[in-house]
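# Architecture and fold: a report
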Amino acid sequence: MKWQGGKQSGNFEDRRGMSGGGKIALGGIGGIIVLVIGFLMGGDPTQLLQQAQNMGAQTEQSGQPRELNPEEKRLTEFSLTVLQSTEDVWTKLFKEQMQKNYTPTTLVFYDGGTQTDGCGMGQASYGPFYCPGDQKIYLDLSFSKELSDKFGAKGEFAMAYVIAHEVGHHIQQLVGLLPQTNAARGKLSERENNKISVMTELQADFYAGVWAHYLNEYTDIKIDYNDIMDGMKAAEAVGDDKLQTEAQGYAVPESFTHGTSAQRMAWFKKGYDSGDMRSGNTFEDPSLK
C-alpha cells in the first residue's frame, strides 16, 4: 500500500492529551453502535453498561493536544491520508451514482476516552466507532497495534479498511438508513435487532469494498492484490463467529451483531468487485433475514 506523500484530509480534531468526560447516552443507534463495537472488540456489554452508569457529569474537553512520538505521527498521517481518499471516492460516487453532494465526516483522535455529541462517552475499549449524533468517527490509534496483535489483521490496509468501514456508517447516515433502523429498533425483539445490526455492519463492509475499488483511480493511495487480501483478512478477523469461538469456545448465531467472518469478507469483496454503491442493499438479501 503506497500512501506516503498523499494529500491529507483537514477534517479532523486532535483531542490527544485533552481531558473530558460525561455520562454515556445509550439511547438510539449511536449508543447501540458503541456498545456493539465494544463487544466486537472483546468488551463485556454488562461491564460497558456498568461503566456507563458510573460515569461522571463533566462534559467539556480541556487541555491542549500533546506532542506525538514518531510512530503516532506516522499513524496520524496515514489515517488522514486514508480519510482524504474516502472523501475523494465518495464525492465522485455521490455525484455520479446518486446525483447528490457528499458531506465528509470528521475524524477525532483521542486517548483513552472522549465525550461525543450524541453518543455519550467514547472509550478506546469500544474500538473505532462512528457517532451518528455528531457525524464523527472516533479513533484511539492504539487500536492499530491491537488490530495486529490481538486480531491478527496485519498490514497497513487492514487499518485502512477499519477507517473505511466507519466511513461506511457515515454513508448510511447521509442516505437516511441509520435514522430508519434506529426508529425500527424499539419495535423489534432482541433477535430482530441483532439481525438489523448484522445487515448494517455488512453494508458498511460493502461500502469499504466500494471505496477500495476506486483507490487507484480516484486517489493518491495505490494498492495491489496483497492489500486487498489484507483487507479480507481484517474482515475475517472480526467476524462474530470467530470472535465468539475464541472467547468462549463456541458461537451463538442468534447473538451475532456484525456477521460471520465469511459474510464480512463476502460483502467487502462484493463492494470491491462491483464498485457500485447501489448494489449493497443487505436489507433485501434473503440470506440475512
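Located above this text is the structure these notes cover.
The following paragraphs examine the structure supplied in this document. (Residues numbered from 1 in each chain as written. Predicted model: local features only at pLDDT ≥ 70, side-chain atom pairs only at ≥ 80, totals over all residues. Heavy atoms only, no water.)

## Some remarks on the packing of aromatic side chains
- A full pass over the atoms with the stated rule returns 13 aromatic pairs.
- The side chain of Arg 16 reaches across the aromatic face of Phe 109, ending 4.6 Å from its centre.
- A cation over a ring is seen here: Lys 92 above Tyr 218, with NZ or CZ 4.8 Å from the ring centre. (Phe/Tyr/Trp six-rings, centres within 6.5 Å; stacked < 30°, edge-to-face > 60°. Lys NZ or Arg CZ within 6 Å of the ring centre and 35° of its normal.)

## Digging into unusual backbone geometry
- For Gln 99, which is not glycine, the phi dihedral falls at a positive 55°.
- Position of Gln 99 among the secondary structure elements: in the loop between α3 (70-98) and β2 (106-109).
- Gln 99 gets classed as exposed once you look at its relative accessible area, which sits at 61%.
- Its identity as a non-glycine residue notwithstanding, Gln 135 has a phi of 55°, on the positive side.
- Relative to the assigned elements, Gln 135 resides in the loop between β5 (129-131) and β6 (136-139). (Helix = DSSP H or I, 4+ residues; strand = E, 2+ residues; numbered from the N terminus. Buried < 20%, exposed > 50% of the residue type's maximum accessible area, 1.4 Å probe, protein only.)

## Some remarks on the side chain of Glu 87
- Assignment of secondary structure puts Glu 87 in helix α3.
- In this structure, Glu 87 is in contact with Ser 9, Asn 11, Tyr 102, Pro 104 and Thr 105, ignoring residues within four places of it in sequence. (Contact = heavy atoms within 4.5 Å.)

## A short note on the environment of Gly 120
- Among the structural elements, Gly 120 can be located in the loop between β3 (113-115) and β4 (121-123).
- Sequence spacing of Gly 120 and Gly 133 is 13 residues, and the spatial spacing of their C-alpha atoms is 9.5 Å.

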